[in-house]
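Below, each chain spelled out in residue letters.
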Amino acid sequence: MVKLLAPGGTQAMALAVLEAGADAVYVGPAGWSRRPPEDELHDEEIREINEFARSRGQEVKVALNSVPGPQEISLLFQKIEKYIDWGLSSFILNDIGCIRQLHQRFPGVNIHASVTCAVCNREDLRFYQEIGADFVILSYRWGVEVDQIRAIKAEVPVGIEVFLFTSLQEGIICPGRCTMSSYLRFERWVDSEGKDHCFGSSNRGGSCYRVCQAGWDLDRTNGSPTKRLGLKSSPSLILHELPDYVEAGVDYLKIPGREHPDGVMRDITRFYRKVLDEVQASPASVEIEHFVPEWEQLKYRWKVERVQRDRFRIWRAGQSDA
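All figures in this text were calculated on a predicted structure; none of them were measured in a lab. (Residues numbered from 1 in each chain as written. Predicted model: local features only at pLDDT ≥ 70, side-chain atom pairs only at ≥ 80, totals over all residues. Heavy atoms only, no water.)

Novice: Could you give me a rundown of the packing of helix H4 (residues 96-105) against helix H5 (residues 122-131), with the residues and numbers involved?
Specialist: Two elements in contact, H4 and H5, have axes whose closest approach is 8 Å; the angle formed by their N-to-C orientations is 40 degrees. What the angle tells us is that H4 and H5 run oblique. Here Ile96, Ile99, Arg100 and His103 of H4 come into contact with H5, specifically with Phe127, Tyr128 and Ile131. Each residue belonging to the contact of H4 with H5 can be placed in one class, and the counts come to five nonpolar, one polar and one charged. (Axes fitted to C-alpha atoms, helices over the stretch in contact; angles between N-to-C directions. Helix = DSSP H or I, 4+ residues; strand = E, 2+ residues; numbered from the N terminus. Parallel < 35°, antiparallel > 145°, perpendicular 65-115°, else oblique. Contact = heavy atoms within 4.5 Å. Nonpolar A, V, L, I, M, F, W, Y, C, P; charged D, E, K, R; others polar.)

Novice: Describe the layout of surface pockets, listing the residues and the values that go with them.
Specialist: Of the voids in this model, the largest pocket is the one considered here, and its volume is about 150 Å³. Pro29, Ala30, Trp32, Leu41, His42, Asp43, Lys79, Asp191, Ser192, Glu193 and His197 together form the lining of the largest pocket. Among the residues forming the lining of the largest pocket, the class breakdown is four nonpolar, three polar and four charged. (1 Å grid on protein atoms, 1.4 Å probe; cavity = no way out; pocket = protein on both sides within 12 Å on 5 of 7 lines; lining within 4 Å. Points joined across faces, edges and corners; volume = space filled by probe spheres on them.)

Novice: I'd love a proper account of H4, names of residues and values included.
Specialist: All buried positions along H4 are accounted for by Cys98, Ile99 and Leu102. The buried residues of H4 all sit within an arc of 105 degrees when viewed along its axis, so they share a single face. On its buried face, H4 is in contact with helix H3 (73-85), strand E4 (90-93), strand E5 (110-113) and H5. Here H4 starts with a cap whose side-chain oxygen sits 3.2 Å from the backbone nitrogen of Gly97, and that cap is Asp95. (Buried < 20%, exposed > 50% of the residue type's maximum accessible area, 1.4 Å probe, protein only. Arc of directions from axis to C-beta. Polar contact = N/O pair within 3.5 Å; in protein donor to acceptor, adjacent residues only side chain to side chain.)

Novice: Which residues make up the packing of helix H1 (residues 11-19) against helix H2 (residues 43-55), and what values do they have?
Specialist: Two elements in contact, H1 and H2, have axes whose closest approach is 10 Å; the angle formed by their N-to-C orientations is 10 degrees. Relative to H2, H1 is oriented roughly parallel. Within the contact between the two elements, H1 uses Gln11, Ala14, Leu15, Leu18 and Glu19 and H2 uses Glu45, Glu48, Ile49, Phe52 and Ala53. By residue class, the composition of the contact of H1 with H2 is six nonpolar, one polar and three charged.

In C-alpha cells form, the structure reads like this:
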C-alpha cells in the first residue's frame, strides 16, 4: 500500500498532518535539512513528534539532506545515533558517502535518497540502491510518467517516492545542484553543538533564496533583452496522476510544504488522505473528477503561500550586510 508522506516544518504542523491522516511525516533538524531556522526543529521537538507518531502507528522521517563538511561527519552520526536510541529509524540523506556509511553502520534503518541527489535516470537509481538507499525520491523536474515508474520497479530493487506536485514549465535549475543563492548573500555561524551553519547555501544546511524565481534576461541582442523569465517555475499540486501512481507501485506520495502555514498543510494532507483512500479502495473505478473543485481551492491556497514566501526570500537575498 502506498503511504502518504507529509511535511513537519513546525512541531504543530507535524502533529496536525499526522492527525489529518498522513502515514508518515518528515522533519528537519536545525542546520541539517536545507531550510531556514523557522522551518526546522530542535531535537526535543523531534523526539516528542516521534513519541506521538509511534503511539498511533505512524512514521517519522528525519531529513539530514545537507552536505556535511569533513568536520561535521562525526556530529551527523552522533545525532543519528541519538535519534535511533529514541526509536527513529528512517532518514533522508543527500551525501553519497553518508548514505553508504549509514547503511554499513546501521543496516536496519531505512534510507531515503533525497530529491537533492538529483537522479536523472535508472542507472542513478541503481547506484543509490547499491550504496544503501531503500527509497529514492524522484525529482518533479524529471517528468515522471507511469511507464517510467513501472520500468524502475521492474528493473531496480528500490522503493520509489514521488512528489504530489509537478513543475509548470521546464527550468534549467535542478534541485540539489544549484549554488546561486550563496553568491548573492551568505551568512555563517557555528552553533553550540559545533554545526557550521551556512545560510544562503541549502547544500550546506541553510536555505536557498529562490532567486531562480526572479526575472532573468537570458539572451540579449544589441544590448536589449530578448527573453525574460524565471529560471525555474513554481510547481503545482497534482491530482489526476494518483490512480496511475498507485497502480504502478509507488511506495510514498510526498506532500511538499514545510515552509507553509500549519493550517494549509493540514488541509492539504486531509484532502490527499481522502483521495488516496478512495483510489486504493477502488483503483479501477474511482471518480477523480468530483475531487477537482476542492483540489483547485487547495492549489490556489498553496500557490499563494509559495509565491509570497518566494518573494520574501528574493527580497531577503538583497538585504546584504556589506
